[in-house]
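Here is how the chains run, residue by residue.
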Amino acid sequence: RMGEDVSRNVAKKMFIGGFFFLPWLWLVCALYFRRHLCGGGDSKVRRYVILSLLGGVLEFGAIIGWFIIYRVNW
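Residues numbered from 1 in each chain as written. Predicted model: local features only at pLDDT ≥ 70, side-chain atom pairs only at ≥ 80, totals over all residues. Heavy atoms only, no water.

So, the overall build of the protein
Looking only at helices and strands, one finds four helices and zero strands in the protein. Secondary structure of the protein in N-to-C order comes out as α-α-α-α. A globule of 74 residues ought to have a C-alpha radius of gyration of about 11 Å, yet the protein, at 14 Å, is considerably larger. With the principal axes as the frame, the protein shows a C-alpha extent of 50 × 25 × 15 Å. (Helix = DSSP H or I, 4+ residues; strand = E, 2+ residues; numbered from the N terminus. Rg over C-alpha atoms; globule rule 2.2 N^0.38 Å.)

Right, dumping it as structure tokens:
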């Protein structure tokens, strides 16, 4: 178990790291801090986890959409 300051710092770094075309890092953040999604824990960590989950889903959706369009129009 991490302290609240350490978990807040790790969640923030994972969220920022996801912007460098690492959508898997957003999903890892959401899985690692999944107890914060259910309402337990720090509210700032919960915000980073929700934004990471949303960003990961949108990014993977864009990648899958691009792949489908590429394969259909080849």
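Moving on from the coordinates now.
Some details on the pattern of salt bridges
Following the criterion strictly, the structure yields two salt bridges and no others. In this structure, D42 and R8 form a salt bridge, with 2.5 Å as the shortest nitrogen-oxygen distance. In this pair, D42 is assigned in the loop between helix 3 (34–37) and helix 4 (43–72) and R8 in helix 1 (residues 4–17), connecting sequence segments 34 residues apart. (Salt bridge = Lys/Arg side-chain N within 4 Å of Asp/Glu carboxyl O.)

A closer look at helix 2 (residues 23–32)
Helical geometry: 3.6 residues make up each α-helical turn, so side chains three or four residues apart lie on a common side. Among the residues of helix 2, those classed as buried are P23, L25, W26, C29 and A30. The buried residues of helix 2 occupy an angular sector of 155° when the element is viewed end-on, so they sit on one face. Exposed side chains of helix 2 directed beyond 90 degrees from the buried face belong to L31 and Y32. Buried residues belonging to helix 2 abut helix 1, helix 3 and helix 4. (Buried < 20%, exposed > 50% of the residue type's maximum accessible area, 1.4 Å probe, protein only. Arc of directions from axis to C-beta. Contact = heavy atoms within 4.5 Å.)

Digging into the side chain of H36
Looking at the element boundaries, H36 is found in helix 3. Looking at H36, the relative accessible area reads 1%, which means it is buried. The residues contacting H36, other than those within four sequence positions of it, are E4, G41, D42, V45 and R46.

Concerning helix 1
Between its first and last C-alpha, helix 1 extends 20 Å over 14 residues, near the 20 Å set by a 1.5 Å rise per residue. Taken together, the buried positions of helix 1 are occupied by S7, A11, M14, F15 and G17. Buried residues along helix 1 cover an arc of 165° about the axis, so they all sit on one side. Of the residues in helix 1, the exposed ones pointing more than 90 degrees away from the buried face are D5 and K13. Here the buried face of helix 1 lies against helix 2 and helix 4. (Expected span 1.5 Å × (residues − 1).)

Honestly, that's just the spatial picture; any functional story needs more than this.
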